[in-house]
Amino acid sequence: MQSHLLKDIYTTNSGVVTNAAVQLDTDRFKKYTGGKNALVAQGGGQRGIFTAGVLDAFILSNFDPFDAFYGTSAGALNLSAFLCRQRGIGKSFILDLTTTPEFFHLFSYIRKRQFLGLDWAMDKITDYPYRLDIDLGRRVLGNREAYAAVTDTKRLMDHYLPMLSHDWKKVLIATCAIPRLYHQAIEFEHGTYIDGGVSASIPVQEAWRKTARCIVVIRTEGEDLLPEEDVVPQEDHIEWFRDSFNSLQDQWQLKLSQWKSDWNAFLNERAMQSRLQKMNHHNVELLNGGRWLFGADDIYRLSHLLGEKFDSGLADMLMVHYQTYALTQNFLHSPPDDCFIVQIKPDKPLRSSSLMSEKEDLVHDYHVGLDAGYRFVDMYATNVPNLINLAK
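Not measured: the values here are computed from a predicted model.

## Notes on the confidence of the model for the chain
For the chain, mean pLDDT is 80; residues scoring 70 or higher make up 71% of the total. Across residues 1-10, confidence stays below pLDDT 50; counting only partners more than four residues off in sequence or on other chains, it has 27 contacts. Residue range residues 281-297 is modelled with pLDDT below 50. Its contacts to residues more than four positions away, or to other chains, number 65 contacts.

Structure representation (structure tokens):
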């Protein structure tokens, strides 16, 4: 398969596969596939239907050479359906369930405080006609690892919960528990958690920390938003490869106390940038590209509609999100020499939104995901034929 140049920012041990093109150093890629392979799925709300398409292409191709799985929010939901080998159930969850008033209705949310219907949707997906088969998923997973990213409410740091354990439904609700949209944080014996998208919208660093050296990342974004120089200082780029990600997060945690005094100015600046983007580019993605459900201006507007104070706690979450995502961008574009990262992503911004999408846009984006998934399997089969049929 001929490779096409997508961006100059990718190094020799990172690459991109979209529904339209491939940029990949295949000779270098093959050297990393013999070790521990991980599949990482980003969140993005209803944009996760792209991920559902990619994973359905994997199921139809009997493709599963992975040793570990990491997902955030909609990404974790889609990975669960993939492990249960139920083609179409991830698509149905988004297309059938998240588009109903029972899941979310804006005016009901504003007037009656009817929050995101995650509990209702989880009950539905385990009942007829869907019947998510968790027992089969556990057998398929076997001795492999599958984790959902959540955010610890006390430290605003990422944490990872087993995805198909006895409390799997509670885990999936926790990774999707978006502040302001879901009515409460989710309590476990070991901590209280909210949406994993706050601190680990793309949990690729966790896969690397857990010794994965060939990492496939399914993205729900088209073009990247490159990190801003004033958000992540250059010296921190260098320290990234010298220290663990946890130590960097500790540094950001200390800086939060300094940011609290100026959080209002920070958010106003972000809100203005987002509004200008939307005015100048009608199809541009939200400020955070769907990594979290809303940009700063959208959360601010929702808080105003609800008559709630936009407090510093929510500002802290937004700041942690921006900072950790900037670090993740750097990691994806310039990974350590001991691993190879391939991103599967749409070649342009998806038509769907994080929430309240039109069904025809969701169907379109699902097929974009299918095409991208088949293209990746084709690339893999061409270059690593000895592993293509090793579905776990």
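## Quick look at the UniProt feature "active site" (unreviewed entry) in the chain
Mapped onto this numbering, the UniProt entry annotates "active site" (unreviewed entry) at Ser-73 and Asp-195. The annotated residues occupy 123 residues of the chain but converge on a single region, no pair of C-alpha atoms lying more than 6.8 Å apart. Of the annotated set, the members that line the largest cavity are Ser-73. Note that Ser-73 resides in the loop between β4 (68-72) and α3 (74-83). Excluding residues that lie within four positions of it along the chain, Ser-73 makes contacts with Gly-43, Thr-175, Cys-176 and Asp-195. On the secondary structure map, Asp-195 appears in strand β8 (residues 191-195). For Asp-195, a relative accessible area of 3% translates into the label buried.

## Brief notes about the pairing of strand β9 (residues 214-218)
Look at any regular strand and the pattern is simple: side chains alternate between the two faces of the sheet. Burial runs high along β9: 5 of the 5 residues are buried. For strand β3 (residues 37-41) and β9, the ladder comprises 5 bridges, and the chain directions are parallel. Opposite Ala-41, over in β9, you have Ile-218 as the bridge partner. As judged from the 5 bridges shared by β9 and strand β10 (residues 340-344), these two strands associate in the parallel manner. Directly across from Cys-214, in β10, lies its bridge partner Phe-340.

## Comments concerning the packing of helix α4 (residues 89-97) against helix α6 (residues 118-125)
For any two helices packed against each other, one specifies the crossing angle of their axes together with the interaxial distance. Relative orientation of the contacting elements α4 and α6 amounts to 135°, with a least axis distance of 11 Å. The angle between α4 and α6 places the two elements in the oblique class. When you trace α4 past α6, the crossing you get is right-handed. Counted together, Ile-89, Phe-93 and Leu-97 of α4 and Trp-120, Ala-121, Lys-124 and Ile-125 of α6 form the full contact between these two elements. Class assignment for the residues of the contact of α4 with α6 results in 6 nonpolar, no polar and 1 charged.

Calculation rules
Residues numbered from 1 in each chain as written. Predicted model: local features only at pLDDT ≥ 70, side-chain atom pairs only at ≥ 80, totals over all residues. Heavy atoms only, no water. pLDDT = per-residue confidence, 0-100. Contact = heavy atoms within 4.5 Å. UniProt positions renumbered as here; feature names shortened; annotations may be inferred. 1 Å grid on protein atoms, 1.4 Å probe; cavity = no way out; pocket = protein on both sides within 12 Å on 5 of 7 lines; lining within 4 Å. Helix = DSSP H or I, 4+ residues; strand = E, 2+ residues; numbered from the N terminus. Buried < 20%, exposed > 50% of the residue type's maximum accessible area, 1.4 Å probe, protein only. Pairing = 2+ DSSP bridges. Axes fitted to C-alpha atoms, helices over the stretch in contact; angles between N-to-C directions. Parallel < 35°, antiparallel > 145°, perpendicular 65-115°, else oblique. Left-handed = near helix turned anticlockwise from the far one by under 90°. Nonpolar A, V, L, I, M, F, W, Y, C, P; charged D, E, K, R; others polar.

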